[in-house]
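Coordinates in review
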Amino acid sequence: MRAILLPEHGAADKLVYTTDQPIPQPKAHEVRIRVRAAALNRLDIWVRDGWPGIKLPLPHILGADAAGDIDALGSEVNSWAVGDRVVIDPQLSCGVCEFCRAGQQNLCETGGITGEHSSGTYAEYITISARNLLKLPDSVSYADAAGAALVYLTAWHSLISKANVRSGQSVLIVGAGGGVNSASIQIAKLAGARVYVVGSSTAKLDEARRLGADELIDRSAEDWIKAIYKRTNKQGVDIVVDNVGKDTLFGSVRSVKRGGKILIVGNTSGPMAEVDLRYIFSKHISIIGSTMAPHSDFVTVMQLVFAGKLTPSIGARFPLEQAAEAQRAMEAGSVFGKIVLDV
Ligand code: ZN
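First, a word on scope: everything that follows refers to the structure included in this document. If you're wondering where the values come from, they're calculated on a predicted model, not measured in any experiment.

**Some remarks on the overall build of the protein**
When its secondary structure is counted, the protein shows 10 helices and 17 strands. Taken against the 2.2 N^0.38 rule, which gives 20 Å for 343 residues, the C-alpha radius of gyration of the protein at 20 Å falls within 12% of a compact globule. The principal-axis extent of the C-alpha atoms belonging to the protein is close to 60 × 40 × 40 Å. A buried classification covers 55% of the 343 residues belonging to the protein. Considering only residue pairs separated by 6 or more positions, the protein has 69% of its internal contacts joining residues 24 or more positions apart. About 14,900 Å² of surface is accessible on the protein, with carbon and sulfur atoms providing 50% of the total. The averaged location of the 35 negative side-chain charges in the protein is 8 Å from the averaged location of its 36 positive side-chain charges.

Dropping the structure here:
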């Protein structure tokens, strides 16, 4: 089959397009999917670069998100049929641990993410547990479904399930252009919140407005912390979504209202941040971390995508063989919204 292999960790030029990778065979509770679209995530870059102590059998296939058609069934799978259009939940889980039994698959003791802890979706065929499948209506494209899954389930779980955002609240999203941030803008608007976005360029902020953001702050033109202070009548916002991390956490702590919440689901500027703890307790700030989502949140948010209430922002599409170019575009930050590989 065709696939993109990572023979060793490093930059995008390590990626190798191959046409003779063996087609995987589904285990008893798995299906094989003929992938039609895969989507890029920042996670792919981290796994590709590697980190000290990473233990990943090489060559590896990257990619968390995919949509396609069921191509073969494991011996124990009887609720699906060959030819069914599906999108995958990229949250891998054991199905039997304490957390899985409570429906908290993203806390699974041996869980993981497709393409990080298993062979990924930059490939013509993948195998995955039938538990991870969701039927894709004919009206929804493979590209939209693949582009939606990981970022929407992540944003939904943090904003709705963990922070309980409500109508009338204010939500600040630090950074415009990333997939999770774009999804967070739409989900916060759907919940009825007033959405503030801090971005680094007019073009990215224009896109944020198109997605529904109410207040745009260009950090290249003004001090965004002061801007939030002024635009919220010196109150700050109820919820800050900060997936930038090291460079912005101080600003997020300053910008959140007394009793407010800061959500962290990523750290694009680096993992080690310094926080003045006096702000945390004196302002009664809750810092809430989460990653991925329970399967029930995946189903809920994808139904909203299928119903057209949430529309994935697809910024660029590349054929599978140009995965390296696609990753370079992501790293350059030149694309607003999701980058999809057509397989
Ligand atoms: Zn488990």
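**Observations concerning unusual backbone geometry**
Following Leu58, the chain continues to Pro59 via a peptide bond in cis, the omega torsion being 0°. Although it is not a glycine, Asn233 adopts a positive phi angle of roughly 55°. Relative to the assigned elements, Asn233 resides in the loop between α6 (224-231) and β13 (237-242).

**What to know about the sheet that holds strand β12 (residues 215-218)**
Spatial ordering of the open sheet is given by β12-β11-β10-β13-β14-β15, a layout of six strands whose pairing is parallel. Edge strands, defined here as strands with exactly one partner in the open sheet, are β12 and β15 (286-289). Ignoring strand direction, the axes of neighbouring strands in this sheet form an average angle of 20°. Bridge analysis of strand β10 (residues 170-174) against strand β11 (residues 194-199) gives five bridges, and the strand direction is parallel. In the sheet register, Leu172 faces β11, and the bridge partner there is Tyr196. Across the face of the sheet, helix α4 (residues 179-190) comes into contact with β10, β11 and β13 while running at roughly 170° to β10. Against the sheet, helix α5 (residues 202-210) makes contact with β11 and β12, and its axis sits at roughly 170° relative to β12, the strand it touches most.

**Comments concerning the packing of aromatic side chains**
Counting across every chain of the model gives one aromatic pair. When the ring centre of Tyr125 is taken as origin, the NZ or CZ atom of Arg32, which lies over that ring, is 5.7 Å away. Residue placement shows Arg85 over the ring face of Tyr142; its charged tip is 4.4 Å from the ring centre.

**Points about the nonpolar core**
If you look at the biggest cluster of nonpolar residues, it comprises 98 residues, and the most contacted ones within it are Leu133, Val197 and Met302. No other element matches helix α3 (residues 142-162), which puts 12 residues into this core. What Met302 contacts, discounting residues up to four positions off in sequence, is Val87, Leu134, Ala145, Ala148 and Ala149. If you look at the next biggest cluster of nonpolar residues, it comprises 17 residues, including Trp224, Ala227, Leu249 and Val256.

**Observations concerning the pattern of salt bridges**
Tallied over the entire structure, the rule returns 17 salt bridges. Its salt-bridge partner being Asp71, residue Arg32 comes within 2.6 Å of it at the nearest N-O pair. A residue pair is termed long-range when its members are at least 10 positions apart, and Arg32 in strand β3 (residues 30-39) and Asp71 in strand β4 (residues 65-73) qualify at 39 residues. Ionic pairing is found between Arg278 and Asp276, a salt bridge with its closest N-O pair at 2.8 Å. Overall, the relative accessible area of 26% leaves Asp276 in the partly exposed class. Salt bridges here are not isolated pairs; linked through shared partners, they connect Arg2, Arg34, Glu124 and Glu321.

**A word on the coordination of the zinc ion**
The protein atoms that coordinate the zinc ion are Cys94 (SG), Cys97 (SG), Cys100 (SG) and Cys108 (SG), at distances spanning 2.3 to 2.4 Å. What the four donor atoms of the zinc ion show is an angle range of 104 to 115° at the metal, which sorts the shape as tetrahedral. Here the donor residues for the zinc ion map to a single chain with the spacing C-x2-C-x2-C-x7-C. Relative accessible area serves as the criterion here: at 8%, Cys100 is assigned to the buried category.

Parameters at a glance
- Residues numbered from 1 in each chain as written.
- Predicted model: local features only at pLDDT ≥ 70, side-chain atom pairs only at ≥ 80, totals over all residues.
- Heavy atoms only, no water.
- Helix = DSSP H or I, 4+ residues; strand = E, 2+ residues; numbered from the N terminus.
- Rg over C-alpha atoms; globule rule 2.2 N^0.38 Å.
- Buried < 20%, exposed > 50% of the residue type's maximum accessible area, 1.4 Å probe, protein only.
- Contact = heavy atoms within 4.5 Å.
- Areas by Shrake-Rupley, 256 points an atom, 1.4 Å probe, with all protein chains shown as cover.
- Lys, Arg positive; Asp, Glu negative; His and termini not counted.
- Charge placed at Lys NZ, Arg CZ, Asp CG, Glu CD.
- Pairing = 2+ DSSP bridges.
- Axes fitted to C-alpha atoms, helices over the stretch in contact; angles between N-to-C directions.
- Phe/Tyr/Trp six-rings, centres within 6.5 Å; stacked < 30°, edge-to-face > 60°.
- Lys NZ or Arg CZ within 6 Å of the ring centre and 35° of its normal.
- Core = buried A, V, L, I, M, F, W, Y, C linked by side-chain atoms within 4.5 Å.
- Salt bridge = Lys/Arg side-chain N within 4 Å of Asp/Glu carboxyl O.
- Donors = N, O, S within 2.8 Å, 3.2 Å for Na, K, Ca; no water.
- Tetrahedral: all angles 85-135°; square planar, octahedral: opposite > 155°, others 65-115°.

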